[in-house]
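# Summary of structural features
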Amino acid sequence: MVLDLESRRRIYEAIEKNPGIHFRELLKMLNINTGELQYHLGVLIKNHLISEREVNNMKVYFPTKMPNQRMKDVLPYLRNSITKAIIINIAMNPGISQKELYNNIKASNKTIASNILKLKERKIIKEECINNICKYYLYDEDLIINTLVTYKESLFDELVQKFIEFMEKNEK
């Protein structure tokens, strides 16, 4: 019943295919006005088809049914180019240093450092420091790998492609 309306079904399907998508991305993707999107999101939330969270001062949306609820903690960070680059660099190079991250990612050191802090606070990455040299690891490697593989189409870019190829090569 709730999904009988085509515009609402389009919104739901966009969220289902792109969990963790934020409001502005939905507006752009679906080419609808703000009021219409807000109204239909409210109906979908009220009917328990989607959930809403605030991440970094942005509202993000998820289908209620997901393979792993912890993916909701990771997906918004895999939709941001800087945090995704940090996560994938660490996944491909466990124990990578902050200096190496600075060299590998096209962003200012300050931006990278602030995003590392966010990822540590969310328990997505962890830091181990010995003699003022800090190395970074994924907090839950299986979760990151499963999330990237499960949602690779909606997260797809050159970096995700490199990661998928890296994983396939290392499985052999």
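See the structure above.
Presented here is a report on the structure given in the accompanying data block. (Residues numbered from 1 in each chain as written. Predicted model: local features only at pLDDT ≥ 70, side-chain atom pairs only at ≥ 80, totals over all residues. Heavy atoms only, no water.)

## Brief notes about the overall build of the protein
Assigned secondary structure in the protein consists of 10 helices and six strands. With respect to the three principal axes, the spread of C-alpha positions in the protein is 60 × 40 × 25 Å. When burial is assessed residue by residue, the protein has 41% of its 172 residues classed as buried. A separation of at least 24 residues holds for 53% of the contacts in the protein among residues at least 6 apart in sequence. About 10,200 Å² of surface is accessible on the protein, with carbon and sulfur atoms providing 48% of the total. (Helix = DSSP H or I, 4+ residues; strand = E, 2+ residues; numbered from the N terminus. Buried < 20%, exposed > 50% of the residue type's maximum accessible area, 1.4 Å probe, protein only. Contact = heavy atoms within 4.5 Å. Areas by Shrake-Rupley, 256 points an atom, 1.4 Å probe, with all protein chains shown as cover.)

## Focus: unusual backbone geometry
Most peptide bonds take the trans configuration, and most residues that are not glycine carry a negative phi. A positive phi angle is found at Asn31, which is not glycine, with a value near 50°. With respect to the secondary-structure elements, Asn31 resides in the loop between α2 (23–30) and α3 (34–46). Positive phi outside glycine occurs at Asn131, with the angle close to 50°. Mapped onto the elements, Asn131 comes out in the loop between β5 (125–130) and β6 (133–138).

## Some details on the side chain of Ser7
Locating Ser7 in the fold gives a position in helix α1 (residues 6–17). Exposure remark for Ser7: the relative accessible area of 19% places this residue in the buried category. Among the polar contacts listed, one links the side chain of Ser7 to the side chain of His40, at a separation of 3.4 Å. Those residues in contact with Ser7 that lie beyond four places of it in its chain are Glu36 and His40. (Polar contact = N/O pair within 3.5 Å; in protein donor to acceptor, adjacent residues only side chain to side chain.)

## As for the layout of surface pockets
If you add up the space inside the largest pocket, you get close to 290 Å³. Those elements giving two or more residues to the lining of the largest pocket turn out to be α5 (81–92) and α10 (158–171). When grouped by side-chain class, the residues that make up the lining of the largest pocket number six nonpolar, four polar and five charged. (1 Å grid on protein atoms, 1.4 Å probe; cavity = no way out; pocket = protein on both sides within 12 Å on 5 of 7 lines; lining within 4 Å. Points joined across faces, edges and corners; volume = space filled by probe spheres on them. Nonpolar A, V, L, I, M, F, W, Y, C, P; charged D, E, K, R; others polar.)

## Thoughts on the pairing of β5
In terms of strand pairing, β5 meets β6 through six bridges, oriented antiparallel. Bridging from a neighbouring strand, Lys126 pairs with Tyr137 of β6. Following β5, the chain reverses through two residues before pairing antiparallel with β6; Asn131 in that reversal takes a positive phi of roughly 50°. (Pairing = 2+ DSSP bridges.)

## Topic: the sheet that holds strand β4 (residues 96–97)
In spatial order, the strands read β4-β6-β5; together these three strands make up an open sheet with antiparallel pairing. The open sheet has two edge strands, β4 and β5, and neither has a second partner. Here α5 sits on the sheet in contact with β4, β5 and β6, set at roughly 95° to β6. Its contacts with the sheet place helix α7 (residues 109–121) against β5 and β6, and it is angled at close to 110° to β5. (Axes fitted to C-alpha atoms, helices over the stretch in contact; angles between N-to-C directions.)

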